[in-house]
Amino acid sequence: MADAAGARTREHLYLARGLRIGAHHRDASEADMELRRIALDEALAMCGDGRITEAGTLAAILLTAHRIAPRPPSRQ
């Protein structure tokens, strides 16, 4: 994936389930971050309407939706 300057970057995406919110251990540069829990359907809507634009976040949300989507029975 190329960033805004055209540099190639590699991102690692992980799907974790059954997590709970715990204590924060943030670096000083992360002190003003706000944690918000958002349902996947809302996150998908945010991808579609432009509220989420960062490529790695888009990929994570869209791949998660694809991975957990119900699959139709296979035909044989």
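Everything discussed here concerns the structure shown above.
Cut-offs used in this document
- Residues numbered from 1 in each chain as written.
- Predicted model: local features only at pLDDT ≥ 70, side-chain atom pairs only at ≥ 80, totals over all residues.
- Heavy atoms only, no water.
- Helix = DSSP H or I, 4+ residues; strand = E, 2+ residues; numbered from the N terminus.
- Buried < 20%, exposed > 50% of the residue type's maximum accessible area, 1.4 Å probe, protein only.
- Contact = heavy atoms within 4.5 Å.
- Salt bridge = Lys/Arg side-chain N within 4 Å of Asp/Glu carboxyl O.

### Notes on the overall build of the chain
Move 1: Summing up its helical and strand segments, the chain has two helices and zero strands in all.
Move 2: Of all 76 residues assigned to the chain, the portion counted as buried reaches 9%.
Move 3: In the chain, once contacts between residues fewer than 6 apart in sequence are set aside, the share between residues at least 24 apart is 38%.

### Looking at the pattern of salt bridges
Move 1: Overall, the coordinates contain two salt bridges when judged by the stated rule.
Move 2: Across the salt bridge formed by Glu-42 and Arg-51, the nearest N and O atoms sit 3.0 Å from each other.
Move 3: In this structure Arg-51 comes out as partly exposed when scored by relative accessible area, which is 47%.
Move 4: A salt bridge links Arg-51 to Asp-49; its shortest N-O distance comes to 2.9 Å.
Move 5: Take Asp-49: its relative accessible area is 47%, and that puts it in the partly exposed class.
Move 6: Put simply, Glu-42, Asp-49 and Arg-51 are held in one network by salt bridges that share partners.

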